[in-house]
Amino acid sequence: MRPGLLRTPSPLPGFGLSFGIMMTMLSLVVLLPLAALLGRGLAIGPAELWDMVNSRRIWAALTLSFRAALVASLVNLVFGLLLAWVLVRYRFWGRRLIDAAVDLPFALPTAVAGIALTALYAPNGVFGQALAPLGLQVAYTELGIWLALVFIGLPFVVRTVQPVIEELEPDLEEVSATLGARRTTTLCRVILPALTPALLTGFALALARSVGEYGSVIFIAGNIPGLTEIAPLLIVIRLEEYNYDAAAAIGIAMLVISFALLLAINAIQIWSRRRIGLV
Amino acid sequence: MSDIAPTRPVPVTTEPPLVRALLIGLAVAFVALFLFAPLVTVFAEALAEGGRGVIAALSLPDARAAIAMTLTIAAIAVPLNAVFGIAAAWAIAKFDFRGKAVLITLIDLPFSVSPVVAGLTLVLLFGANSALGAWLMANDIRIVFALPGIVLATLFVTFPFVARELIPVMIEQGRAEEEAALTLGAPGWRIFLTVTLPNTRWALLYGVLLSNARAMGEFGAVAVVSGKIRGETATMPTMVEMFYNEYLSVAAFSLAAVLALLALLTLLLKSLLEWRHADLLAATRRH
Amino acid sequence: MNIEIEDIAKDFGTGRALYAVSLSIPSGALIALLGPSGSGKTTLLRILAGLEYPTSGRVRFDGADATGLSVQDRRAGFVFQSYALFRHMTVFENVAYGLRARPRRTRPPEAEIARRVTRLLELIQLPDIGPRYPNQLSGGQRQRVALARALAIEPRMLLLDEPFGALDARVRKDLCQGLREIHDRTGLTTVFVTHDQDEAMALADLVVVMSMGRIEQVGRPAEIRARPATDFVRAFTAA
């Protein structure tokens, strides 16, 4: 392909080189492997593919992955908003430490998070022992999966909402007050709608990440087939059995979910940009 | 009128002190419970048998091989990622062409693909039962269950990091300085080295930092593609899993503690960059 | 150096910026491209510098076809509207940039570069600001540094895009005078873009009035004032 035909000419040099490097690496690293997965799916055929996915164990795994991701992202939606608001609007001792710590789930390897959470919430762990008298078991139940996914998804909502709160104009809140609105009314009717697109974007990003999460979940989940076995783990199991077609079938199902979420994120961003010029 | 007692006006742009204290308390408790507690646990469990236990664990041949493997992978994948990020940012920010939005979406794609699926795609592409895999095997080229496969998997999951930080910064800085350098007669490579790179170096460093943290910590994709062969293809995170599953708790948490220290170092450097160069990174944060 | 513009037209994706304009700029003249925003004046200037490619037409420098000449080879001293000073370099490094960027064969030795930069800083009457960074300068100082940087490459012509646009009235007057003096001293063919008719009339030998991608009139300031060729010129110059 000659990109020159599709681009506005520019005197700046290096377009061919940089475009070439970009497309080569994008193709080799991302597009070709994804094409291999989809190609495998085509070779298997849609009917066969459906038969392979349509088993109770796989449905249980897919719905579990999606359900747990949904619950965790909803928790993160609430606490992410709370954290972002507190970090931007209030001044308190240790604020910067908390602000920096929000990115810990991005920086900490997922396997490390996984074994740490398991150690904490296992029946003989510090939190596990404390919760046992309440009849609450976290580790090796679906609750444990929710917990791991809350950890993983926490930064997404905070980091998408935070800059938007920073750029909110104080005028809006003052105007609302001069028009006789109480503080709670201002928060619900003025602030929250302005934050909604960012909240939705953060929610969708957290959801996309959580649905496919593997490392932090498998240690705490207990991995009981049909109960606490997540979809990515099922792919790993099928691969270990050298059942590549079945692994590909589950992989394609997950890819479809990911693409749907990606489309949703883009749609939210386009919608919000058109309506209020905010992302 | 005059009998209304003058009270202090209620501020209209913040919450009452009690509510504020409550919200701050909730936020701090949430962070302490969900973030600090697991972090402390890593170090506590590693030190369960004292400092000697940690040293003994880290001197295990498997642990040392895993550390070497992880360093090797990061040393290959991170520079490649930086090259890609710089090339992508230059092409996207400095030129106008059609299909740019689609391209950016494709670059972001790895963020929404499960790491396990990423590993799976590589196994399907290069594994023994694909056409390409059979040919590679015949020619004695190993990709899956070997270093090249792990590097590819790492590249996949870290792919957007550098590009995502650089693109908004380069777009915000515009083309005027590069054009000025052009009119002064500077050749292309010189413009890049003396004008573009200095202007974007903090954003580049930021992206490299994040990319490196993820490269060293990646688990799912690497677990699938590496085959987790001890002393050969096992990385630090996959070795953590194997130690843990063998009930070698101190060994698992010692290796995990090294990774956690790396994460803390990453966060520290990242925060320093954000505080010192807030203006230069503003564009990435708005992204 | 004289500049011939022959039927230069420019299409952008969204529409036409220039409709086949022709213009002859005599060597050593000081020319103003005058017009409202969207008149195509900046596009024409950028085409002269090689920063924009014309859709059709030709540019000749001293009779030689320069249409396909690269930006670097044109040696056009260009002053950007925003000045585009390199933020991370001192004033000295900014002015020296073009000389240091030359290939080794034609690059002056460092001592010679220092001498030339010092002379240029004296020319713009800011001899002491070499060690400072652009963000430590006032708007007027930045403009003059950008001018010195453009002059350092010993350009064949000087092109300025709204050189006084971002400045307040008093500074603007001083700098207009400064540009006139530098032009007269160097004898460089100089083209500047402006939307301010007072500035154009006061400074230029020849004013080119543009509107909607077309040249409306070319003439000496007095001619244009006395005999506007079109209603547009009459309305625009009366303002």
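Residues numbered from 1 in each chain as written. Chains lettered and ligands numbered in written order. Predicted model: local features only at pLDDT ≥ 70, side-chain atom pairs only at ≥ 80, totals over all residues. Heavy atoms only, no water.

**Q** Describe the environment of Arg60(C), and please don't skip the residues or the numbers.
**A** All names here are of chain C. Along the chain, the position of Arg60 falls in strand E4 (residues 56-61). Looking at Arg60, the relative accessible area reads 25%, which means it is partly exposed. As a C-alpha pair, Arg60 and Ala169 span 109 residues in sequence and 36 Å in three-dimensional space. Engagement of the side chain of Arg60 in a polar contact is seen with the backbone oxygen of Gly63, the distance being 3.4 Å. (Helix = DSSP H or I, 4+ residues; strand = E, 2+ residues; numbered from the N terminus. Buried < 20%, exposed > 50% of the residue type's maximum accessible area, 1.4 Å probe, protein only. Polar contact = N/O pair within 3.5 Å; in protein donor to acceptor, adjacent residues only side chain to side chain.)

**Q** How would you summarise the environment of Ile98(A) if you had to cite specific residues and measurements?
**A** Examined against the element boundaries, Ile98(A) turns out to sit in helix H4 (residues 95-101). Sequence separation between Ile98(A) and Leu83(A) is 15 residues; the distance between their C-alpha atoms is 9.0 Å. Among all residues touching Ile98(A), those that are not within four sequence positions of it are Leu83(A), Leu87(A), Phe92(A), Val28(B) and Val31(B). (Contact = heavy atoms within 4.5 Å.)

**Q** Mind laying out the interface of chain B and chain A, listing which residues take part and the relevant values?
**A** Contact residues are listed per partner, giving 86 residues for chain B and 91 residues for chain A. Carbon and sulfur atoms supply 80% of the area buried between chain B and chain A, which totals about 8000 Å² over both sides. Our enumeration of links across chain B and chain A arrives at 1 salt bridge. The closest approach of N and O atoms between Lys270(B) and Asp103(A), which form a salt bridge, is 2.2 Å. The interface formed by chain B and chain A includes 6 residue pairs in polar contact (both at pLDDT 80 or more). Of all the elements, helix H1 (residues 17-46) of chain B adds the most residues to the side of chain B that touches chain A, at 18 residues. Split into classes, the residues belonging to the side of chain B that touches chain A amount to 60 nonpolar, 12 polar and 14 charged. (Buried area = accessible area lost by both parts, 1.4 Å probe. Salt bridge = Lys/Arg side-chain N within 4 Å of Asp/Glu carboxyl O. Nonpolar A, V, L, I, M, F, W, Y, C, P; charged D, E, K, R; others polar.)

**Q** So what about the UniProt feature "transmembrane region" (unreviewed entry) in chain A? Which residues, and what values?
**A** All names here are of chain A. Under the UniProt annotation, "transmembrane region" (unreviewed entry) lies at residues 12-38, 58-88, 100-122, 134-158, 190-208, 214-237 and 249-271. In the segment residues 100-122, helix accounts for 78% and strand for 0%; the C-alpha atoms at its two ends are 28 Å apart. A distance of 28 Å separates the end C-alpha atoms of residues 190-208, which is 100% helix and 0% strand. (UniProt positions renumbered as here; feature names shortened; annotations may be inferred.)

**Q** Provide a residue-level description of the pairing of strand E9 (residues 206-211) of chain C, including the pertinent values.
**A** Residue and element names in this part refer to chain C. Counting buried positions along E9 gives 6 out of 6 residues, so the element sits mostly inside the fold. Residues Leu206, Val208 and Met210 point to one face of E9 and Val207, Val209 and Ser211 to the other, with burial holding for every one of them. In this structure, strand E3 (residues 30-34) lies alongside E9, joined through 4 bridges in parallel fashion. In the strand pairing of E9, Leu33 is matched with Val208. By the bridge criterion, 5 bridges tie E9 to strand E10 (residues 214-219) in an arrangement that is antiparallel. (Pairing = 2+ DSSP bridges.)

**Q** An account of the UniProt feature "domain: ABC transmembrane type-1" (unreviewed entry) in chain A is needed here, citing residue identities and associated values.
**A** In the UniProt entry, the feature "domain: ABC transmembrane type-1" (unreviewed entry) is given for residues 62-265 of chain A. Secondary structure content for residues 62-265 of chain A is 78% helix and 0% strand, and the end C-alpha separation is 21 Å.

**Q** Give a detailed account of the side chain of Asn94(C), specifying residues and quantitative values.
**A** Residue and element names in this part refer to chain C. Within the secondary structure, Asn94 sits in helix H3 (residues 91-100). Within the local environment of Asn94, its side chain forms a polar contact with the backbone oxygen of Met89, the two atoms lying 3.2 Å apart. Apart from residues no more than four positions distant in its own chain, Asn94 is found in contact with Leu85, Phe86, Met89, Pro134 and Arg149.

**Q** Pulling in residues and values, what's your account of the UniProt feature "domain: ABC transmembrane type-1" (unreviewed entry) in chain B?
**A** Those places that UniProt annotates as "domain: ABC transmembrane type-1" (unreviewed entry) correspond, in this numbering, to residues 67-274 of chain B. Spanning residues 67-274 of chain B, this segment combines 79% helix with 0% strand, and its end C-alpha atoms are found 29 Å apart.

**Q** Which residues make up the side chain of Arg102(C), and what values go with them?
**A** All names here are of chain C. When you line up the elements, Arg102 lands in the loop between H3 and helix H4 (110-123). Among the polar contacts listed, one links the side chain of Arg102 to the backbone oxygen of Ile153, at a separation of 3.5 Å. Those residues in contact with Arg102 that sit more than four places away from it in its chain are Arg107, Pro108, Arg116, Ile153 and Glu154.

**Q** Which residues make up the sheet that holds E10(C), and what values go with them?
**A** All names here are of chain C. Spatially, 6 strands are ordered E6-E7-E8-E3-E9-E10 in an open sheet, and the strand pairing comes out mixed. Where the open sheet ends on each side, the last strands, each with one partner, are strand E6 (76-79) and E10. Each neighbouring strand pair of the sheet contributes to a mean axis angle of 15°, computed without reference to strand direction. Contacting E3, E9 and E10, helix H9 (residues 231-238) crosses the sheet at an angle of about 110° to E9. (Axes fitted to C-alpha atoms, helices over the stretch in contact; angles between N-to-C directions.)

**Q** Requested: an account of the nonpolar core, with residues and values cited.
**A** Note on soluble globular proteins: their nonpolar side chains tend to be buried together. Membership of the largest hydrophobic core comes to 218 residues, with the highest contact counts inside it found for Met22(A), Leu108(A), Ile235(A), Ile3(C), Tyr97(C) and Leu159(C). The greatest single-element share of this core, amounting to 14 residues, is contributed by helix H3 (residues 56-89) of chain A. (Core = buried A, V, L, I, M, F, W, Y, C linked by side-chain atoms within 4.5 Å.)

**Q** An account of the environment of Ala61(A) is needed here, citing residue identities and associated values.
**A** Residue and element names in this part refer to chain A. Relative to the helices and strands, Ala61 is located in helix H3. When the C-alpha atoms of Ala61 and Asn223 are compared, they prove to be 10.0 Å apart, with 162 residues separating the residues in sequence. Leave out the neighbours within four places in its chain, and Ala61 touches Glu229, Ile230, Ala231 and Leu234.

**Q** Describe the interface of chain B and chain C, with residues and values.
**A** In this assembly, 19 residues from chain B lie in contact with 21 residues from chain C. By the criterion of area lost to chain C, the three top residues of chain B are Glu177(B), Thr183(B) and Leu184(B), representing 38% of everything that side buries. Our count for the chain B to chain C interface comes out at 2 salt bridges. Where Arg87(C) meets Glu177(B), a salt bridge forms, and the shortest distance between an N and an O atom there is 2.7 Å.

**Q** Just give me the short version of the packing of aromatic side chains, but keep the residues and values in it.
**A** Under the counting rule described, the total for this entry stands at 21 aromatic pairs over all chains. Ring plane angle 65° and centroid distance 6.5 Å describe the contact between Tyr242(A) and Tyr244(A), whose orientation is recorded as edge-to-face. With a centroid separation of 4.7 Å and an interplanar angle of 50°, the aromatic rings of Phe86(C) and Tyr97(C) are classed as tilted. With a gap of 11 residues between them, Phe86(C) in the loop between E6 and H3 and Tyr97(C) in helix H3 connect regions that are remote in the sequence. Taken together, the ring pairs connect Phe15(A), Phe19(A), Trp90(B), Phe95(B), Phe97(B) and Phe192(B) into an aromatic cluster. Its guanidinium or amino end placed over the ring of Trp275(B), Arg96(A) lies 4.2 Å from that ring's centre, counting from NZ or CZ. Above the face of the Phe97(B) ring, Lys100(B) is positioned so that its terminal group lies 5.6 Å from the ring centre. (Phe/Tyr/Trp six-rings, centres within 6.5 Å; stacked < 30°, edge-to-face > 60°. Lys NZ or Arg CZ within 6 Å of the ring centre and 35° of its normal.)

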